[in-house]
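What follows is each chain in one-letter form.
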Amino acid sequence: MENYWDLVYEKGIQGCYMQTELGHGTNLARLETTSTYIPETQEFEINSPSLTSTKWWVGGLGKSATHGVVQAKLILPNGKDMGPHLFFVQLRSLDDHTPLPGITVGDIGPKAGGGIAGQDNGFARFDHVRVPRANMFSKFAEVTEEGGYIQPPHAKLSYGGMMYLRAGMIPAAGWTTAKAATVAIRYTTVRRQGDPDGNGLERQVLTYPSTYYRLLPILSRAFVFIELGRYTTKALDKLLELLSKRDTSLLAEMHALMCGLKVLCSTHGASDIETARRSMGGHGYSAFAGLGRLYIDYLPAATYEGDNFVLDGQVVRAAGKLCNAVLSSTSAVSKLSITSAYLRLLSSNSSPPPVTASTWHDVSTVVLLLEWRAALMAKNFTKTQTKGDVDANVNQRLAKAVTEAFVAVQVGEMISNLIALPSEDARAIGRLYRLYLLTTVESALVDLFSVGLIHHSGAGDPTQDLRLAINALCVEILPNAIGLTDAFGFSDWTLDSALGVFDGRVYEALWERVQMEPMNKDEVTPAYDPYIRPMLQRGQAAAEEKKKLKSKL
């Protein structure tokens, strides 16, 4: 690869990552593309043995990429399949951009809803394409000149690159959600509906509980996910440093964590953008609002880099293994990392905190409650799994609980670290972080009842104090809502929304966009003469005939 770095840096070549196939996506082990080593020429032969082995959905491949990093099954000269490995393959000529011999490449066509229209997702098929032995990525595994195979220190080392991509999706979810929150909060602050107050002004839409209850938790998640992204980036840097020394001690747990965080953030991201759009009423459906396009472009995040429902299984598999270890031996607790620290609760003499009205005002207790939820659910899962009595969506519930426990601990630390900020800023952001924790608990109420952390005594609603605490936080946050969205620093160009303009002149901006609409170029549509006019004339003539008939009766 050293021969290519200058070309990459100067954009002399354009690359793409070629993993997904027409017949397989998430199941990496079942990819069909092969790379067979030929010791006589010291080359690999890349081949697509079937229609379903066609590389598919590859971003930038359709019309742009000159080279690709191809995931293919490594086949040794003795015919042994060593599983997926990475190979660097030139796809197109650097002289005229035509596909190289043996390579069929093109665009897969439009995506649902017109999303990601600017991305040329493509397909590629290989017909026994040869590449030099040096084109195999060999940092951990290697094929010798004679065709021998040097094993990597860990079978899942190839997941390292994918984890980095998933880590990047966490702050990306935060920033995308931040755009939606900014547009919706700005617009609902300007928008007024309802009976006039003493000053003759209608009520700001944002001040209605049904609106701020939807938008302020979205704002809180944006702040949390952006900050969480900084943590995951540092954690991945540490992991890759260890991997460079062939130390794989953190690999399995970090893989599970990134799977869980990817699922959590992308699921909230897609849901939050649509919730923000709907909070803006009818105008939110206009393309000029910007959130419809933001939603349809973000929606694939729930599928790429691992389908969310499949990744849940990765999280649960890791949690179950660690839980069994803790239940089997108290010594396993000392080996728990920060990502699985919630399991310490299963081997200690401590008991879950009692839930009272004051619980929701104590950050450490709320965090502990979410950790207990994850620990008890993991314990119940290991027991029911042994009996084979497992329900259909246990993976989704347990993966969410485990991931939210980890995030809750991080949010608790974020709150502690606010001491470094000016007091007013610390209070404003601290309220958002607390709102994140309380709304996380609210969404987990079924789990909390199921594992016995909240009890119904028969004397009123045990969740009412929680919901009142959420409402009180929202009311405290409201005066700073615009300032908190301005803190993201989005320009009007970046938001590209008539309803989210910084100066608040949303109606003027929407009017100007409409005037530039191509359909308004002509007062009379070109369709009038060939289609509309004949129809109207026929209808008018028929109506006139009916009128004459009625007058004769």
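Look up: the structure comes first, before these words.
To start, this report covers the structure provided alongside it. (Residues numbered from 1 in each chain as written. Predicted model: local features only at pLDDT ≥ 70, side-chain atom pairs only at ≥ 80, totals over all residues. Heavy atoms only, no water.)

**Quick notes on the overall build of the protein**
Thought 1: Looking only at helices and strands, one finds 15 helices and 13 strands in the protein.
Thought 2: Dimensions of the protein, computed from C-alpha atoms along their principal axes, come out at roughly 100 × 70 × 55 Å.
Thought 3: Residues classed as buried in the protein amount to 44% of the 553 residues present.
Thought 4: Here the analysis covers contacts within the protein between residues at least 6 apart in sequence; of these, 70% occur between residues at least 24 apart.
Thought 5: Carbon together with sulfur atoms contributes 55% to the accessible area of the protein, which is approximately 28,200 Å² in total.
Thought 6: With 54 positive and 56 negative side-chain charges, the protein shows a separation of 5 Å between the mean positions of the two kinds. (Helix = DSSP H or I, 4+ residues; strand = E, 2+ residues; numbered from the N terminus. Buried < 20%, exposed > 50% of the residue type's maximum accessible area, 1.4 Å probe, protein only. Contact = heavy atoms within 4.5 Å. Areas by Shrake-Rupley, 256 points an atom, 1.4 Å probe, with all protein chains shown as cover. Lys, Arg positive; Asp, Glu negative; His and termini not counted. Charge placed at Lys NZ, Arg CZ, Asp CG, Glu CD.)

**A closer look at helix α14 (residues 506-515)**
Thought 1: When α14 is considered as a whole, its buried residues turn out to be V506, A509 and L510. Relative to the axis of α14, the buried residues are bounded by an arc of 100 degrees and lie together on one face. Facing away from the buried side of α14 by over 90 degrees, the exposed positions are W511 and E512. (Arc of directions from axis to C-beta.)

**A few points about a negative patch on the surface**
Thought 1: A contiguous patch of negative charge, built from D492, D503, E508 and E512, is present on the exposed surface.
Thought 2: Assignment of secondary structure puts E512 in helix α14. (Patch = residues over 30% accessible without salt bridge, like charges linked within 9 Å, V, L, I, M, F, W, Y side chains within 5 Å. Salt bridge = Lys/Arg side-chain N within 4 Å of Asp/Glu carboxyl O.)

**Some remarks on the packing of helix α8 (residues 394-417) against helix α9 (residues 423-443)**
Thought 1: With their axes 10 Å apart at the nearest point, α8 and α9 run at an angle of 160 degrees to one another. Compared by their axis directions, α8 and α9 come out roughly antiparallel. Between α8 and α9 lies a crossing of left-handed hand. Contacts from K400, E404, V407, A408, V411, M414 and I415 in α8 reach Y433, R434, Y436, L437, T440 and S443 in α9.
Thought 2: A breakdown of the residues in the contact of α8 with α9 according to their chemical character gives eight nonpolar, two polar and three charged. (Axes fitted to C-alpha atoms, helices over the stretch in contact; angles between N-to-C directions. Parallel < 35°, antiparallel > 145°, perpendicular 65-115°, else oblique. Left-handed = near helix turned anticlockwise from the far one by under 90°. Nonpolar A, V, L, I, M, F, W, Y, C, P; charged D, E, K, R; others polar.)

**Regarding the packing of aromatic side chains**
Thought 1: Under the defined criterion, the tally for this structure stands at 10 aromatic pairs.
Thought 2: The interplanar angle of 70 degrees and the centroid separation of 6.0 Å between the aromatic rings of W175 and F488 together place this pair among those described as edge-to-face. Of this pair, W175 sits in helix α2 (residues 159-190) while F488 sits in the loop between α12 (481-486) and α13 (492-495), and the two are 313 residues apart along the sequence.
Thought 3: Under the relative-accessibility criterion, F488 is labelled buried at 10%. (Phe/Tyr/Trp six-rings, centres within 6.5 Å; stacked < 30°, edge-to-face > 60°.)

**A look at empty space enclosed by the protein**
With a probe scaled to a water molecule rolled over the atoms, the places where space remains empty come into view.
Thought 1: For the coordinates displayed, the defined rule picks out two cavities of 30 Å³ or more.
Thought 2: The volume enclosed by the largest cavity comes to roughly 150 Å³.
Thought 3: Lining the largest cavity are 14 residues, with A256, L257, V315, T339 and V402 sitting closest to its centre.
Thought 4: Those elements that place two or more of their residues in the lining of the largest cavity are α4 (251-279), α6 (308-328) and α8.
Thought 5: Forming the walls of the second largest cavity are W360, H361, D362, V363, V366, R434, L437 and L438.
Thought 6: Contributing elements (two or more residues each) for the lining of the second largest cavity: α7 (363-387) and α9.
Thought 7: Of the residues forming the lining of the second largest cavity, the biggest block, three residues, is contributed by α9.
Thought 8: Classifying every residue of the lining of the second largest cavity gives five nonpolar, one polar and two charged. (1 Å grid on protein atoms, 1.4 Å probe; cavity = no way out; pocket = protein on both sides within 12 Å on 5 of 7 lines; lining within 4 Å. Points joined across faces, edges and corners; volume = space filled by probe spheres on them.)

**Examining the sheet that holds strand β7 (residues 103-107)**
Thought 1: Taking strand neighbours across the sheet as the criterion, the three strands line up as β4-β8-β7 in an open arrangement whose pairing is antiparallel. Each edge of the sheet is formed by a strand with only one pairing partner; in this case those strands are β4 (55-58) and β7. With direction set aside, neighbouring strand axes in the sheet form an average angle of 15 degrees.
Thought 2: Bridging between β4 and strand β8 (residues 122-126) involves two bridges; their strand directions are antiparallel. Bridge pairing links V58 to G122 in β8. (Pairing = 2+ DSSP bridges.)

**Quick word on the pattern of salt bridges**
Thought 1: Scanning the model with the defined rule gives 20 salt bridges in all.
Thought 2: For E43, the salt bridge goes to R130, with nearest N and O atoms at 2.9 Å. Of this pair, E43 sits in strand β3 (residues 43-47) while R130 is found in strand β9 (residues 129-132), placing the two residues 87 residues apart along the sequence.
Thought 3: For E43, a relative accessible area of 22% corresponds to the partly exposed category.
Thought 4: R130 sits in the partly exposed class, given a relative accessible area of 39%.
Thought 5: A salt bridge links E404 to K400; its shortest N-O distance comes to 3.0 Å. With E404 and K400 both in helix α8, this residue pair falls four residues apart, about one helical turn.
Thought 6: Under the relative-accessibility criterion, K400 is labelled partly exposed at 30%.
Thought 7: The network of salt bridges with shared partners includes R373, K400, E404 and D447.

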